[in-house]
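Here's the letter readout for the chains.
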Amino acid sequence: MTSATARPALVKTLLAPLRGREPVAVAIVLLGLVAAAVEAAGMALFVPLVQSLTGGADGSESLSRVYGLLAEVIPEERRVPTLVGLLVLAIAVKHVVGVAGHYLSRRLDGEVGHELRRRIFAQTLSASADLRPGARRSDVVDTLATQSWHVGRGLSLLLRSVVCVGTCLVFLAFMVAISPSLTLLAVVVMFGGWVLTHAITRRAEAAGKDIVAANRAFGLRMWSAIESLKLIRAFGREAYERERFAERSDEIRRKLLRLEMLWSAPGPVSELAAIGLVAVLILAAGRMDVSLAALAAFLAILYRAQGPARELMYAKVGFDSLRPAVETVVAYLKETQAPWPADGTRPFERLKTAVVLDRVSFRYPGAEVDALTDVSLILHRGRTTAIVGRSGAGKSTLLDLLFRFQDPTSGRV
C-alpha cells in the first residue's frame, strides 16, 4: 500500500474511536475556528488603529469601508482607546476559546486512549491471545502499553490538523481582504516551503516502522531476561545479557534520534521561508501601492498564520511516523475480535465420574504434523494419573486441551 492510498485508510482508522463522541470533536473544531477568526479580526484592527494615529488613508477598498464605518460609529477622541481596547479584548477572547478547545481535545484524547486500552485488555483476556502458538507476550504488552497511546495521539493530531486547515483559510480570507496581490505572492512562497519540507521528511514512515520493530525486539529482550534471571545467574551469563540489552536499547535510541530530527525539520524550513517571505512582501508592497497600515496588518496576520501552517507540516510527519503503530493496534484488535476458543453453553458444577478424551487429535496452526494423534484417555475422579513422555511428546498440549486453552482439531473432550 502506497503512502497516498494508506493515508485515507489511516484517517478512517483514527476516526473509528470517535463513535458516540462526535459532538465533542465538532466542538473542538468550531472552537478552533472561532479562535482563529477572533485573532485575525484583532490583527486586522491594526489598520484602522494606524490610520487613526497617522490620519492616513488605506489603499484597500474593503478596509477603507471598515475604517469609514468605525469613524462614523466611534467619536474621533475615543477612537484610538476603543481600537486598542478591542484589540486587547480580541486577544483575550482568542485565548479563552483556545484554552477551552485545548481542554476538550486533551479530554477526548484521554477518553479514547482509555477506551482503546480497555478494549485491548478485554479482548486479550477473551481471546487468550498470549496463549496462542507463535504469539509473544512481549508483543501483547508492547501493543497495550506503548502502541495504543499512539492511536490517541494520532486522533488528536487529526483533529488539530482540521483546526489548522480552517485557521489557515480564515487567515487567508483576511489577507485577501487586505491585499489579493500580496496574498498570492505569500501562497506561492509558502507552497515552495511545503514542497521542500515534504522532500526532507518523506522518510518518516519508514522510521516509524523501524521504531515499532525495535520496540518489539526490546520488549522481548526485557521479558526473556526477567523470566530467565535464575538461569542467567546459574550459567554466569550476566555480562552477555547486559551487552545484548545495551545493544537493543542503543538501537532504539538511534532510531528515535533519527525520527526526532525528521520531526524537527519543518521548524527551520518554515522559519527560513517566513523570513524570505517577509523580505519579499516588504519589497513588493511599495510597487503594489499597499499602505504602511495595510502592510503591517497583513504581516501580523501572516506571522500568526505561520503557526498553524507549521503544525500542518509537523502533522504530515506525524501521520507517517504513527501509521505503523496504528496499524499494529488495528491488526491486534482484528485478530482478537472473536473469543478464542468460543465459550461453551453448559455450566460446570463438579466432576462427577471422569474426564474422557475420545479419539482426540490436535495440530498447531502452521504445523505440518499433529502434536497429538487419536488419543483416547479416561481420567477418573479421585484418582491420580501420571502422564510421562519425552520432550515434545504432547504433555503440555494435553494439559492445554484439559484446561481448554486449545480446542481439539478432531475428537472430543
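What you are looking at is a predicted structure, and each value in this text was computed from that prediction instead of being measured. Counting starts from 1 at the beginning of each chain's written sequence and moves along it residue by residue. Since the coordinates come from a predicted model, pLDDT governs what is reported: local features require at least 70, and pairs of side-chain atoms require 80 or more to be given and counted, while whole-chain, interface and lining totals use all residues. To get the side-chain values, all heavy atoms of the structure are used, and hydrogens and water are removed first.

Regarding the nonpolar core
Note that soluble globular proteins tend to have their nonpolar side chains buried in a common cluster. Nonpolar cores were defined as sets of buried Ala, Val, Leu, Ile, Met, Phe, Trp, Tyr and Cys residues, with membership established by side-chain atoms within 4.5 Å. Relative accessible area decides the class of each residue, using a 1.4 Å probe on protein chains only: under 20% of the type maximum gives buried, over 50% gives exposed, and in between gives partly exposed. If you look at the biggest cluster of nonpolar residues, it comprises 26 residues, and the most contacted ones within it are Leu182, Leu281, Phe298 and Leu302. For this core, the secondary-structure elements that each account for two or more residues are helix H2 (22–44), helix H5 (76–127), helix H6 (137–178), helix H7 (180–201), helix H11 (266–287) and helix H12 (292–335). Helix numbers and strand numbers start at the N terminus; a helix is a DSSP run of H or I with at least 4 residues, a strand a run of E with at least 2. Top contributing element to this core by residue count: H12, with nine residues. By definition in these notes, contact holds between two residues if any of their heavy atoms fall within 4.5 Å. Residues within four places of Leu281 in sequence aside, it is in contact with Leu182, Leu185, Leu295, Phe298, Leu299 and Leu302. Listed in part, the 14 residues of the second largest apolar core include Leu14, Leu116, Val140 and Val151.

Thoughts on unusual backbone geometry
Positioned with a positive phi, Arg359 is a non-glycine residue whose angle comes to about 50°. Its location among the elements puts Arg359 in strand S1 (residues 354–362). Owing to a relative accessible area of 55%, Arg359 belongs among the exposed residues under this scheme. Of note in this structure, Asp374 is not a glycine but carries a positive phi near 50°. With respect to the helices, strands and loops of the structure, Asp374 is situated in strand S2 (residues 372–380).

Description of the sheet that holds S2
Whether two strands pair depends on DSSP finding at least two bridges between them. Judged by pairing direction, the sheet is antiparallel, and its three strands sit side by side in the order S2-S1-S3 without closing on themselves. Two strands bound the open sheet, and with one partner strand each, they are S2 and strand S3 (410–412). Adjacent strand axes in the sheet meet at a mean angle of 5°, parallel and antiparallel pairs treated alike. Judged from the six bridges that link them, S1 and S2 form a sheet pairing that is antiparallel. When the bridges of S2 are listed, Leu357 appears paired with Leu377. Where helices are involved, their axes are fitted lines through C-alpha atoms of the stretch in contact, as for all axes, and angles between N-to-C directions lie from 0 to 180°.

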